[in-house]
Amino acid sequence: MRKILTTKFSHWSYEEEWRQFIPLDKNAEEKGLYYSDFSNDLKLKQVIIGAHSKLTRKQVSNALTGLNKDIVVFKARVGFKKFEVVKNQRAELWA
């Protein structure tokens, strides 16, 4: 099971994603979902807003209130010539 959960298709390797497994019994449960607070062992470093997301910069900023000020936030877009998701360089396209 661990191999299945940690295997990622090679075309997505550019994401440099890290996955962490945390025991559910040590986390807060809310409506069947489990949450773990950020800590020295679990730090939020980047938030990527999906290309079709309707979230505004203000909504994201409000959600991150009280967290590390060095969190990188950007809107993504689908690659023009390759099978990838990339940072949208035109910041003005995201309100």
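Residues numbered from 1 in each chain as written. Predicted model: local features only at pLDDT ≥ 70, side-chain atom pairs only at ≥ 80, totals over all residues. Heavy atoms only, no water.

A word on the layout of surface pockets
No. 1: Size it by volume and the largest pocket reaches roughly 820 Å³.
No. 2: Contributing to the lining of the largest pocket are 22 residues, with E15, E16, E17, W18 and Q46 lying nearest its centre.
No. 3: Where the lining of the largest pocket is concerned, the elements lending two or more residues are β3 (46-49), β4 (72-78) and β5 (85-87).
No. 4: Here the lining of the largest pocket takes three residues from β5, the largest share from any one element.
No. 5: Empty space within the second largest pocket amounts to approximately 160 Å³.
No. 6: In this structure, the second largest pocket is lined by V60, S61, L64, T65, G66, L67, N68, K69, D70, I71 and V73.
No. 7: Residue composition of the lining of the second largest pocket, by class: five nonpolar, four polar and two charged. (1 Å grid on protein atoms, 1.4 Å probe; cavity = no way out; pocket = protein on both sides within 12 Å on 5 of 7 lines; lining within 4 Å. Points joined across faces, edges and corners; volume = space filled by probe spheres on them. Helix = DSSP H or I, 4+ residues; strand = E, 2+ residues; numbered from the N terminus. Nonpolar A, V, L, I, M, F, W, Y, C, P; charged D, E, K, R; others polar.)

Observations regarding a nonpolar patch on the surface
No. 1: Together, M1, I4, L5 and F21 give the surface a local cluster of nonpolar side chains, amounting to about 460 Å² of exposed area.
No. 2: Here L5 is to be found in helix α1 (residues 2-6).
No. 3: Using a relative accessible area of 40% as the deciding quantity, one classes L5 as partly exposed. (Patch = residues over 30% accessible without salt bridge, like charges linked within 9 Å, V, L, I, M, F, W, Y side chains within 5 Å. Areas by Shrake-Rupley, 256 points an atom, 1.4 Å probe, with all protein chains shown as cover. Salt bridge = Lys/Arg side-chain N within 4 Å of Asp/Glu carboxyl O. Buried < 20%, exposed > 50% of the residue type's maximum accessible area, 1.4 Å probe, protein only.)

Considering the confidence of the model for the protein chain
Low-pLDDT stretches of the model should not have their predicted coordinates read in fine detail.
No. 1: Looking at the protein chain as a whole, the pLDDT averages 84, with 98% of positions reaching at least 70.
No. 2: Mean pLDDT across the elements of the protein chain bottoms out in β5 (81) and peaks in helix α2 (residues 57-63) (93). (pLDDT = per-residue confidence, 0-100.)

Things to note about the environment of E16
No. 1: The residue E16 is located in the loop between α1 and β1 (28-30) in this model.
No. 2: Classification of E16 as exposed rests on a relative accessible area of 64%.
No. 3: Here the alpha-carbon distance between E16 and K75, two residues 59 residues apart in the chain, equals 17 Å.

Some thoughts on the sheet that holds β4
No. 1: Strand order in this open sheet of three strands is β3-β4-β5, and the pairing throughout is mixed. Sheet topology places β3 and β5 at the edges, where each strand pairs with a single neighbour. Here the average twist between neighbouring strands, direction ignored, is 40 degrees.
No. 2: In terms of strand pairing, β4 meets β5 through three bridges, oriented antiparallel. Residue R77 lies in a different strand from β5, and its bridge partner there is V86. (Pairing = 2+ DSSP bridges. Axes fitted to C-alpha atoms, helices over the stretch in contact; angles between N-to-C directions.)

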